[in-house]
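Take a look at the letters that make up each chain.
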Amino acid sequence: MTAAVEALGTRLGPVVTESVDVLHVAAVLESSGITDDLARDRYGHEDVFALATTLRACASDGSTTERPTTPHPGTIPAAAPLRRERPRSASGVSSLGHGVIYLLPALSMPALLTLVGTPHALLALVVGAALGWLWAVVMTWRAYGVLSATASSEQGQEHAAADLRRSVLLGVVAGTLAGLLLVVVGRSPVVVGVVAASVTAAQLGTTLLFFLRRRRALVVVLVVQGTVGLSNLVAPAVVPAWVVLATFVLSIASLLVIGGVGRGPAAPAVALVGLTPVLGYAVASVTFLLLPQAHFLRLGGGLPLALAGLFLTMGFVEWRAGLLSRRLRDELSCSDTPARFRLRASGPVLAEVLACAAVTALGAAAMLLVLQRAGLLSAGVRTVALTTVLLAPAYLLAIVLANTGAYAWLASCFAAGALVETLLSVLARAPMTSAFVTATSLLLLALGAGLLTRPVQHFR
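The following refers to the structure shown. Everything numeric in this text was worked out from a predicted model, so none of it was measured.

Conventions we followed
Residues numbered from 1 in each chain as written. Predicted model: local features only at pLDDT ≥ 70, side-chain atom pairs only at ≥ 80, totals over all residues. Heavy atoms only, no water. Helix = DSSP H or I, 4+ residues; strand = E, 2+ residues; numbered from the N terminus. Buried < 20%, exposed > 50% of the residue type's maximum accessible area, 1.4 Å probe, protein only. Contact = heavy atoms within 4.5 Å. Areas by Shrake-Rupley, 256 points an atom, 1.4 Å probe, with all protein chains shown as cover. Core = buried A, V, L, I, M, F, W, Y, C linked by side-chain atoms within 4.5 Å. Phe/Tyr/Trp six-rings, centres within 6.5 Å; stacked < 30°, edge-to-face > 60°. Patch = residues over 30% accessible without salt bridge, like charges linked within 9 Å, V, L, I, M, F, W, Y side chains within 5 Å. Salt bridge = Lys/Arg side-chain N within 4 Å of Asp/Glu carboxyl O.

Things to note about the overall build of the chain
Argument step 1. What the chain contains, in helices and strands, is 18 helices and zero strands.
Argument step 2. Per-residue burial for the chain yields a buried fraction of 51% across its 460 residues.
Argument step 3. By sequence separation, contacts in the chain at least 24 residues apart represent 79% of the contacts at least 6 residues apart.
Argument step 4. For the chain, the accessible surface area stands at approximately 19900 Å², while carbon and sulfur atoms represent 68% of it.

Brief notes about the nonpolar core
Argument step 1. Within the largest apolar cluster, 61 residues are counted, with the highest numbers of intra-cluster contacts made by Leu8, Leu29, Ile34, Tyr43, Leu51 and Val195.
Argument step 2. Here this core gets 11 residues from one element, more than from any other, and that element is helix 10 (residues 190–211).
Argument step 3. Not counting chain neighbours up to four residues away, the residues in contact with Leu29 comprise Leu8, Leu12, Ile34, Val48, Leu51, Ala52 and Leu55.
Argument step 4. Core analysis: the second largest hydrophobic core is formed by 56 residues, Leu303, Val353, Leu443 and Phe459 among them.

Re the packing of aromatic side chains
For any pair of aromatic rings, geometry is given as the distance between the ring centres together with the angle between the planes.
Argument step 1. Going through the model one piece at a time under the given rule, you end up with seven aromatic pairs.
Argument step 2. Geometrically, the ring pair formed by Phe288 and Phe436 is tilted, given 6.1 Å between the ring centres and 55° between the ring planes. Taken together, the residues span a long stretch of sequence, with Phe288 in helix 13 (residues 275–299) and Phe436 in helix 18 (residues 432–452) at a distance of 148 residues.
Argument step 3. Ring geometry for Tyr395 against Phe414: centres 6.2 Å apart, planes inclined by 20°, an arrangement best described as stacked.

Notes on a nonpolar patch on the surface
Argument step 1. On the surface, a nonpolar cluster with roughly 660 Å² of combined accessible area is contributed by Leu169, Val173, Leu177, Leu180, Leu181, Val184 and Val185.
Argument step 2. Within the secondary structure, Leu169 is located in helix 9 (residues 153–184).

Looking at helix 7 (residues 109–116)
Argument step 1. Within helix 7, six of the eight residues are buried, which leaves it mostly tucked inside the rest of the structure.
Argument step 2. All buried positions along helix 7 are accounted for by Met109, Pro110, Ala111, Leu112, Leu113 and Val116.
Argument step 3. Gly117 sits one or two positions beyond helix 7 and adopts a positive phi of about 85°.

Describing unusual backbone geometry
Argument step 1. The phi dihedral of Arg213 falls on the positive side, at around 60°, and the residue is not glycine.
Argument step 2. The topology assignment puts Arg213 in the loop between helix 10 and helix 11 (215–234).
Argument step 3. For Arg213, a relative accessible area of 46% translates into the label partly exposed.
Argument step 4. Of note, Arg429 is a non-glycine position whose phi angle comes to about 55°, a positive value.
Argument step 5. On the secondary structure map, Arg429 appears in the loop between helix 17 (407–427) and helix 18.

A few points about the side chain of Thr247
Argument step 1. By secondary structure assignment, the location of Thr247 is in helix 12 (residues 241–258).
Argument step 2. Look at Thr247 and you get buried, because its relative accessible area is 16%.
Argument step 3. When neighbours within four sequence positions are excluded, Thr247 is seen to be in contact with Val224, Gln225 and Val228.

What follows is the structure, given as structure tokens:
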């Protein structure tokens, strides 16, 4: 049991102890503002029902702390069986829609690249994306910390949202300063600083609306943004690149206004306990992905767009990762030894890996067809598209491992992958496309091994 689940169990202890059944606990959790997304992101459970099952099992054991994991060598302590419930379709549809949200901003990238020029594309997009990604990790961790530290769930939601809004405002200021530094110190054109700051703000605004569950508004804004970007790709003479940039900036401003940036009551101070491994994982994963992407931006052509198939299918990957996490908890309740659990778990893990690879292969094939018709297909583009087929199941395993708290292992794996990319491309002088596919293959194997050898108590 994680510290967050233990704290929640302590806070709701009397209610959980006196509950009639798991459905009663689930109803209490939902009425107190805990959603399926919060159950998954903060508490490591697939949905509210799974979280309620864990809390009630602990209450029936007379404690909110974890039971001894090894009453005698080689066995798993008995656990209250988890009911196999059909996943809520709404949750699956919501996750599948994430892929569209990830893809839509990418439609504006070609026009932005045209504005900043290839020499400056690396600075503008990579600096903006990296800053936005890392800042989003820290601010969401803070927000969930505020939520967990507040006695009242309703008040916790309000304080967490306010804390996140202020963090977004500070992040936008930091992104603006980073863009200004690129212009003043790096002597880049002003548009480079604007694009860098906009990419950072876009990441933060999207994260804010995700947290506030304003996804309809988010999709509407991004559809408008993506439509203008796509129009530039189809008819650049009719929709010039500067129009795409203006739409991009205005859409970001809309996200910040809709999210109410800067509003809300003062939130209680929260210690960033446990942030270090999470931040390490974020830095390593950003480095792993942006190292090859920076190289592809320099080369131009179809390479920067070759990852689009992965972005489109990431919603499917997130959905299947949530289901796999729940399935592994179910398998644990049916296994009496660690060896038995790992044997039972290997089948579902392999099935989900193959499913994610297959769906991503369809997205990659569609992207290759589009690039072929645009005259941008090359051997390097094919290699990158193949890499996405391996990268999707790697992210699947990474999400499942993150749900068990394996952030140190994740950071190590992604950092090692980034090191492999660097060594192969710089020292061995291998093409970055080859280095990328090799590093991704090794990453997939390492994550799979880490999942199947993870101590079983972490899957509860």
